[in-house]
Amino acid sequence: MTKVTMTVNGKAVSGEVEGRTLLSAFLREGLGMTGTHIGCDTSQCGACVVHVDGKAVKSCTMFALDAAGSSVKTIEGMANADGSLGVIQQAFQDHHGLQCGFCTPGMVMSSAALLAENPKPTEAEVRHYLEGNICRCTGYHNIVKAVLAASGQDVSSVAAE
């Protein structure tokens, strides 16, 4: 076992991990941050997306030790300081961008990364950026609307799939 230390959602954390411990497992099992979901363990679904040093990363493909010294942001860190929903989370709620909710943490984290890179994406850019995230419930239409709404854009013309 090796001690790993990192900053998660602005707080310094540490724990003992095996070299093979994935970041997703460390967050969920070591820190009790279960908002990061595990859907496939093969980097296909995107439910485990977190930000590591500001970059969207599928945490099921990164070892916890590789995040040592890094700043990690999870879905738990996306809320406002008062605990209310953040802008992207609120847009997902307002535009029905979730159903079962399993993919939602990864979708929100990927959407946040997109909006950090491109504050006013087109509908096509949103759809392209979210290709690495799978949702089995919504058909993506309302997810795209939510991302565009979070960017402050009009969503009335978003085409149904």
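Residues numbered from 1 in each chain as written. Predicted model: local features only at pLDDT ≥ 70, side-chain atom pairs only at ≥ 80, totals over all residues. Heavy atoms only, no water.

Caption draft 1: Summary view of the pattern of salt bridges. Under the defined criterion, the tally for this structure stands at two salt bridges. A salt bridge links R20 to E18, with the nearest nitrogen and oxygen atoms 2.8 Å apart. We classify R20 as exposed; its relative accessible area is 62%. The exposure class of E18 is partly exposed, given its relative accessible area of 35%. (Salt bridge = Lys/Arg side-chain N within 4 Å of Asp/Glu carboxyl O. Buried < 20%, exposed > 50% of the residue type's maximum accessible area, 1.4 Å probe, protein only.)

Caption draft 2: Helix 5 (residues 141-150), seen in detail. Buried residues dominate helix 5, accounting for seven of its ten residues. Here helix 5 has its buried residues at H141, I143, V144, A146, V147, L148 and A150. For helix 5, the elements touching its buried residues are helix 2 (87-94), helix 3 (104-117) and helix 4 (123-129). At the C-terminal side of helix 5, G152 shows a positive phi close to 85°. (Helix = DSSP H or I, 4+ residues; strand = E, 2+ residues; numbered from the N terminus. Contact = heavy atoms within 4.5 Å.)

Caption draft 3: Representation of the nonpolar core in the model. In this structure, M78, I88, F92, M107, V126 and V147 are the most contacted members of the largest nonpolar core, which totals 24 residues. The set of elements that each furnish at least two residues to this core consists of helix 2, helix 3 and helix 5. When near neighbours in sequence (up to four residues on either side) are disregarded, I88 contacts M78, V108, S111, A112, L115 and A150. If you look at the next biggest cluster of nonpolar residues, it comprises 16 residues, including M62, A64, A67 and V72. (Core = buried A, V, L, I, M, F, W, Y, C linked by side-chain atoms within 4.5 Å.)

Caption draft 4: Layout of the sheet that holds strand 4 (residues 55-58). With respect to topology, five strands assemble into an open sheet ordered 2-1-5-3-4, the strand pairing being mixed. A strand with exactly one partner marks an edge of an open sheet, and here the two such strands are strand 2 (11-17) and strand 4. Neighbour-to-neighbour, the strand axes of this sheet turn through a mean angle of 40°, independent of strand direction. Both strand 1 (residues 2-8) and strand 2 contribute to a ladder of seven bridges, which runs antiparallel. (Pairing = 2+ DSSP bridges. Axes fitted to C-alpha atoms, helices over the stretch in contact; angles between N-to-C directions.)

Keep in mind these numbers describe shape, not what the thing actually does.
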